[in-house]
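# Coordinate inspection notes
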Amino acid sequence: MTTPTTSLPSPTVSLPGGGAMPLLGFGTWQSEGDDAYRSVLHALQVGYRHVDTATGYGNEDQVGRAIAESGVPREEIFVTTKVPPTQVDQARDVIARSLDLLGLDHVDLWLVHWPPDGQARPDVWETVLGAKADGLSRDVGVSNYSTAQMDELVSATGEAPAVDQVPWAPALHDAGFLAACAERGVVVEGYSPFKKTDLDDPVLAEVAAAHGVTPRQVVLRWHLEHGVVVIPKSVTPERITANADVFGFELSAEEVRRVDGLAG
């Protein structure tokens, strides 16, 4: 076991359950087996303190193994997992299985991964809130839900999701959605920050050159400037480390506006 470094100086956002969610996290989608274990272990060793997984990723056991072997105290790591839309009717069994695989007695955030059959399903949200009340997850939220679907959950239960995890990138920037979530007290968490991004775009290249960083680092820093949680994923140690190196520079308001302008 390698002794971990101190945690990254990532800003955090407070959640209703009292947790502090680092704005920069580490994603594990499409990471399996030893790749998942090694990548999460490396991420923790270089200072990440926020790890995102899901039942549907099939890697919760490897994520848990990395957490256990990292040397980082459990209370310093923000852990998210998700219930698949096809298993929401067995949600309590799913989170029990997730906790067993992760080797944890609770997660920090549990999400409904997609609206089941495209529906908000307030009954499922009631079950998720029950898991929170029973201490299985400190906070709960959703992923890939529209504001209208979140409103349906609030109307039925009186409690909004703490987080909505959605695809996010400069090309997907939607100021209206950010404002609507802020009005509802919902934290926006973005995934796949590079999938929809042209990393050769001249705007990103110019902003990157001005700070002596890469376009990828500009994209990640842009998320942080907006207060949007971002969870880049990689299994390459050098990329994982580079993605964490976004705290030594800031984007000006004009630079943020220019990157916002990449939205189609």
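None of the values given here were measured: they were computed from a predicted structure.

## Some points on the nonpolar core
In a soluble, globular protein the nonpolar side chains are often hidden away together inside. Tyr48, Trp110, Val112, Val163 and Val218 are the most contacted members of the largest nonpolar core, which totals 76 residues. Beyond its immediate chain neighbours, meaning those up to four positions away, Tyr48 contacts Leu8, Leu24, Gly25, Phe26, Ala43, Ile240, Asn243 and Ala244.

## What about helix α6 (residues 175-184)?
Since one α-helical turn is 3.6 residues long, residues separated by three or four positions face the same way. Those residues of α6 lying buried are Phe177, Leu178, Ala180 and Cys181. Buried residues of α6, seen end-on, are gathered within an arc of 165° and therefore sit on one face of the element. Pointing more than 90 degrees away from the buried face of α6 are the exposed residues Ala182 and Glu183. The opening residue of α6 is Asp174, an N-cap whose side-chain oxygen sits 3.1 Å from the backbone nitrogen of Gly176. Of the residues one or two after α6, Gly185 is the one with positive phi, at around 75°.

## What about the environment of Leu172?
You can see Leu172 is positioned in the loop between β8 (163-167) and α6. Here the alpha-carbon distance between Leu172 and Asp260, two residues 88 residues apart in the chain, equals 8.9 Å. Here Leu172 is in contact with Pro167 and Lys196, once residues within four sequence places are set aside.

What counts, and at which threshold
Residues numbered from 1 in each chain as written. Predicted model: local features only at pLDDT ≥ 70, side-chain atom pairs only at ≥ 80, totals over all residues. Heavy atoms only, no water. Core = buried A, V, L, I, M, F, W, Y, C linked by side-chain atoms within 4.5 Å. Buried < 20%, exposed > 50% of the residue type's maximum accessible area, 1.4 Å probe, protein only. Contact = heavy atoms within 4.5 Å. Helix = DSSP H or I, 4+ residues; strand = E, 2+ residues; numbered from the N terminus. Arc of directions from axis to C-beta. Polar contact = N/O pair within 3.5 Å; in protein donor to acceptor, adjacent residues only side chain to side chain.

Taken by themselves, the reported measurements are silent on function.
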